[in-house]
Amino acid sequence: MKPHLIVLDLDGTLLTDEKTIPVKTAHTLKKAEEKGHQIMIATGRPYRASEVYYHQLGLQTPIVNFNGAYVHRPGDLSWRPIHETISLPVVNDVVDAMQDFSFHNIVAEVMDDVYMQRHDEKLLDIFGFGDPLIKAGDIRKYLRVDPTSLLIHADSKDVDPIRRHLSEVHAEVIDHRRWGAPWDVIEIVRQGLNKAVGISHVAKWMDIPQERIIAFGDEDNDLEMIDYAGVGVAMGNAIDRLKTIADEVTLTNNEDGIAHFLQERLKLE
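Let me begin by describing the structure that accompanies this report. These numbers come from a predicted model, not from an experiment. (Residues numbered from 1 in each chain as written. Predicted model: local features only at pLDDT ≥ 70, side-chain atom pairs only at ≥ 80, totals over all residues. Heavy atoms only, no water.)

1. Looking at the sheet that holds strand β13 (residues 231-234)
Right, so step 1: The 5 strands lie next to each other as β2-β1-β12-β13-β14, forming an open sheet whose pairing is parallel. Edge positions in the sheet fall to β2 (38-41) and β14 (248-249), since each has one partner strand and no second.
Right, so step 2: As defined by bridge partners, β13 adjoins β14 across 2 bridges and the pair is classed as parallel. Opposite Ala234, over in β14, you have Val249 as the bridge partner.
Right, so step 3: Docked against the sheet, helix α8 (residues 195-206) engages β1 (5-8), β2 and β12 (213-217), running at close to 155 degrees with respect to β1. (Pairing = 2+ DSSP bridges. Helix = DSSP H or I, 4+ residues; strand = E, 2+ residues; numbered from the N terminus. Contact = heavy atoms within 4.5 Å. Axes fitted to C-alpha atoms, helices over the stretch in contact; angles between N-to-C directions.)

Below is the structure:
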């Protein structure tokens, strides 16, 4: 069988609800590697929050972070990374506009530096992973470089009005996605970026055609990736919209859905 590129989202896909990689899934992925297939991660997380899983799987492939805004090959300085940022004036415009909406917090990430509009212990549990430099205060005052991503934390009822505004006013310069439960967070990246863009760059480098890409996902930020892959697989716990466009639907993230699908599709033991 010709080599396939197997692309894994993390939360709700590779990881169980307890944020662990199931033993059976890890074993199956290792079997796939032994058969000559390539494994990579594509996630909305920054690298510092995905590094532990990258090393747990023993990967050496490039990884897509920040939903496509950062693509790199850890430990390989000769591999030219892709880092697409949001223009600082656009960030300031968005923060200005948010003053007319109800929101809990705004967070800007510059690679591994985190800027919070308001100090928030609950969010620190998420963004403090990997021990980044964290600064709290008005982003418009403290942020001096173009960030990799911008996140808006709001109540569920306020997310759609904010997203409508972003689409109506800023659509030419940014794209935005909604995080899954339990967090009502809108993630903003530079316009035209998504996981599929990063994956296509890696696949070209590996010389693996689109039809031999198998991608697994569960959420809003996986839509382009699942649509782009030769075989787009939605997890059993995926949102309905993703299941609608997926080529296949497997078991949930808590039921070794990835292992179940790959064992059958790639004839793995």
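2. Quick word on the nonpolar core
Right, so step 1: Grouped together as the largest cluster of nonpolar side chains are 26 residues, with contacts concentrated most on Ile6, Leu8, Leu14, Leu29, Phe216 and Leu262.
Right, so step 2: Contributing elements (two or more residues each) for this core: β1, α1 (10-14), α2 (23-34), β2, α3 (51-56), β12, β13 and α11 (257-265).
Right, so step 3: At 3 residues, the largest contribution of residues to this core is made by α11.
Right, so step 4: With residues up to four places along the chain from it excluded, the contact list for Ile6 reads Leu29, Ala32, His37, Gln38, Ile39, Met40, Ile214, Phe216, Leu262 and Leu266. (Core = buried A, V, L, I, M, F, W, Y, C linked by side-chain atoms within 4.5 Å. Buried < 20%, exposed > 50% of the residue type's maximum accessible area, 1.4 Å probe, protein only.)

3. Observations regarding the layout of surface pockets
Right, so step 1: The space that makes up the largest pocket amounts to roughly 820 Å³.
Right, so step 2: As for the largest pocket, its lining consists of 32 residues, and the residues nearest its centre are Asp11, Lys19, Arg45, Trp179 and Trp183.
Right, so step 3: Looking at the lining of the largest pocket, the elements with two or more residues in it are α1, α5 (121-127) and β10 (174-178).
Right, so step 4: For the lining of the largest pocket, the leading source of residues is α5, giving 3 residues.
Right, so step 5: Each residue belonging to the lining of the largest pocket can be placed in one class, and the counts come to 9 nonpolar, 9 polar and 14 charged. (1 Å grid on protein atoms, 1.4 Å probe; cavity = no way out; pocket = protein on both sides within 12 Å on 5 of 7 lines; lining within 4 Å. Points joined across faces, edges and corners; volume = space filled by probe spheres on them. Nonpolar A, V, L, I, M, F, W, Y, C, P; charged D, E, K, R; others polar.)

4. Some thoughts on the pattern of salt bridges
Right, so step 1: Within this structure, the stated rule accounts for 17 salt bridges.
Right, so step 2: When the shortest N-O distance is used, the salt bridge between Asp11 and Arg45 registers 2.7 Å. Taken as a pair, Asp11 in helix α1 and Arg45 in the loop between β2 and α3 lie far apart in primary sequence, 34 residues in all.
Right, so step 3: A relative accessible area of 25% means that Asp11 is categorised as partly exposed.
Right, so step 4: One salt bridge connects Arg177 with Glu224, and the closest N-O pair in it is separated by 1.8 Å. (Salt bridge = Lys/Arg side-chain N within 4 Å of Asp/Glu carboxyl O.)

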